[in-house]
Amino acid sequence: MSATTTVRRTVRNLADGREIIYYDDTPGAPPRTTDDDRPLPERAAAGHLRYDALIGDWVAVAGHRMNRILLPPRDECPLCPTGRGSIATEIPDPDYDVVVIENRFPSYAPVAVDDAPGEAPFEHRAALGRTEVVCFTSEHDTSFRSLSPRRVRTVIDAWADRTARLSQIPEVEHVFCFENRGPEIGVTLHHPHGQIYAYPYLPARSREILAQAQAHHARTGRLLGSDLLRAEQADGSRIVITGTHWTAYVPYAARWPVEVHLAPHRDVPDLVALDDAERDDLATVYLDLLDRLDRYHRTEDGGPVALPYIAAWHQAPVRQGREVSRLHLQVVSVLRAPGTLKFLAGSESGVGGWVNDARPEAIAARLRSLAD
Ligand SMILES: [Zn+2]
């Protein structure tokens, strides 16, 4: 945690042993000391990570996730503080600012069941790692976009703190902070929250990004992420927001109906490396971007359309290629027009051949026009 912010970190355990970590920024916030006395079943063990020999990738098979709670009524929200609804929730205390909880239905878990290793071509291993839920606020009926810059800064500090700590787990190879927003993206809980996955391997797209960065560095001695940002800044036609320490732009080869990347001006591998000024500016620029995204589409009578989105933090892998990797945030939406979604259909799902109906320059021009 940085020296100039006053975020109080409190680590506790839930009834089944899972960790809950409070990040409180409200001056005088009461200590978080309430015990979780729910009669919880034993925590889930890690599922299987199966090797897909056909394309050389891994797939986590987590059957217990079928029992997840799907879109519960408001007074049974498991991410509201206990006492606001009709149930004892995942958060025993009556309030919080930002809180991180180990996922009750994890794709990756720290404890493995005994299992004989599989033999080729049916190789498998335990899906060791950790998955966490980040509650951005104790308020149920709001969204990330409506948080104060101060609270967004606390979320950024929580992401960075979790990245640093999860990176210390021996089997963790990659830490991914993300937010799925909107039922169109498959969100199962309405409460404003994101997730963190700590993977025991480098996922496919992260591996591709690393391979490109390594090849570029071998060829030029420079960072690909840095060269791409400079090229976008020099071109200008896809720039959306220029902050003090961050620039938002639509990438030249955007794949989604709406896609924006947010990159720091300084070469940093991950969120942990951001200094105070960069974190504060990120809060400002990101809130500006999210505000524009929620005004990107209009209903027929001119009303705003809350944009479903995926916000994905691309950080350096934990144990390889850190010297060539560069942090950036990728925000994408499947919403082509109000009521019309882009499906990952034959070309994209079958062979990974992307087609985008939206010109990246037009996406950028629309987002620039939405400045306050
Ligand atoms: Zn809630």
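The rules behind the values
- Residues numbered from 1 in each chain as written.
- Predicted model: local features only at pLDDT ≥ 70, side-chain atom pairs only at ≥ 80, totals over all residues.
- Heavy atoms only, no water.
- Axes fitted to C-alpha atoms, helices over the stretch in contact; angles between N-to-C directions.
- Helix = DSSP H or I, 4+ residues; strand = E, 2+ residues; numbered from the N terminus.
- Parallel < 35°, antiparallel > 145°, perpendicular 65-115°, else oblique.
- Left-handed = near helix turned anticlockwise from the far one by under 90°.
- Contact = heavy atoms within 4.5 Å.
- Nonpolar A, V, L, I, M, F, W, Y, C, P; charged D, E, K, R; others polar.
- Pairing = 2+ DSSP bridges.
- Donors = N, O, S within 2.8 Å, 3.2 Å for Na, K, Ca; no water.
- Tetrahedral: all angles 85-135°; square planar, octahedral: opposite > 155°, others 65-115°.
- Buried < 20%, exposed > 50% of the residue type's maximum accessible area, 1.4 Å probe, protein only.
- Phe/Tyr/Trp six-rings, centres within 6.5 Å; stacked < 30°, edge-to-face > 60°.
- Lys NZ or Arg CZ within 6 Å of the ring centre and 35° of its normal.
- Expected span 1.5 Å × (residues − 1).
- Polar contact = N/O pair within 3.5 Å; in protein donor to acceptor, adjacent residues only side chain to side chain.
- Domains from an automatic or database assignment.
- Buried area = accessible area lost by both parts, 1.4 Å probe.
- Salt bridge = Lys/Arg side-chain N within 4 Å of Asp/Glu carboxyl O.

Caption draft 1: Structural context of the packing of helix α1 (residues 149-166) against helix α4 (residues 276-293). At a minimum axis separation of 9 Å, α1 and α4 run at an interaxial angle of 120 degrees. Taken together, α1 and α4 sit at an angle that is classed as oblique. The handedness of the crossing between α1 and α4 is right-handed. Every residue of α4 that contacts α1 at P149, V152, R153, I156, D157, W159 and A160 is listed here: D276, R279, D280, L282, A283, Y286 and L287. Class assignment for the residues of the contact of α1 with α4 results in nine nonpolar, no polar and five charged.

Caption draft 2: Highlighting the sheet that holds strand β4 (residues 57-61). Strand order across the open sheet formed by three strands is β4-β3-β6, with antiparallel pairing between neighbours. Only two strands of the sheet have a single neighbouring strand rather than two, namely β4 and β6 (124-126). For this sheet, the mean inter-axis angle between neighbouring strands, taken without regard to orientation, is 30 degrees. With five bridges joining them, strand β3 (residues 48-52) and β4 adopt antiparallel strand pairing. Looking at the pairing, H48 lines up with V61 of β4.

Caption draft 3: The coordination of the zinc ion, seen in detail. For the zinc ion, the full set of protein donor atoms is C77 (SG), C80 (SG), H140 (ND1) and H191 (ND1), at a range of 2.1 to 2.3 Å. Viewed at the metal, the four donor atoms of the zinc ion are separated by angles of 103 to 118 degrees, and the geometry they form is tetrahedral. Sequence spacing of the donor residues for the zinc ion, all on one chain, is C-x2-C-x59-H-x50-H. Residue C77 is found in the loop between β4 and β5 (98-102), and its partner H140 is found in the loop between β7 (130-135) and α1; the two are separated by 63 residues along the sequence. For the residue pair C77 and H140, the accessibility class agrees, reading buried in each case.

Caption draft 4: Quick look at the packing of aromatic side chains. Here the structure, examined in full by the defined rule, presents 13 aromatic pairs. Put simply, the rings of Y108, F176, F178, Y197, Y199 and Y201 touch in pairs and so form one group of aromatic residues. The aromatic ring of W58 is capped on one face by R125, whose charged end is 4.5 Å from the ring centroid. Lying over the aromatic face of Y296, R366 brings its terminal NZ or CZ to 5.9 Å of the ring centre.

Caption draft 5: How the structure looks around α1. Over its 18 residues, α1 extends 25 Å from the first C-alpha to the last, a length consistent with the 26 Å expected when each residue adds 1.5 Å. By the criterion of burial, α1 is predominantly enclosed, with 14 of the 18 residues buried.

Caption draft 6: Main features of the side chain of E348. Considering the arrangement of structural elements, one finds E348 in helix α5 (residues 346-351). Taking relative accessible area as the criterion, E348 reaches 12% and is therefore assigned buried. Of note is the side chain of E348, whose polar atom sits 3.0 Å from the side chain of K342. Dropping the residues within four chain positions of it, E348 is found in contact with K342, F343, G353, W354 and V355.

Caption draft 7: Representation of the domain arrangement of the chain. Assigned domains within the chain: domain 1 (8-201) and domain 2 (205-369). Summarising the inter-unit geometry, the C-alpha centres of domain 1 and domain 2 are found 24 Å apart. Opposite the 30 residues of domain 1 that make contact, domain 2 presents 30 residues. Of the roughly 2,800 Å² buried between domain 1 and domain 2 on both sides combined, carbon and sulfur atoms contribute 58%. At the boundary of domain 1 and domain 2, one finds eight salt bridges. Inspection of the region where domain 1 meets domain 2 yields 20 residue pairs in polar contact (both at pLDDT 80 or more).

Caption draft 8: Spotlight on the environment of R368. Among the structural elements, R368 can be located in helix α6 (residues 360-369). Taking C-alpha positions, R368 is 13 Å from V258, a pair spaced 110 residues apart along the chain. The residues touching R368, leaving out its near neighbours within four places in the chain, are G236, S237, R238, I239, V240 and R292.

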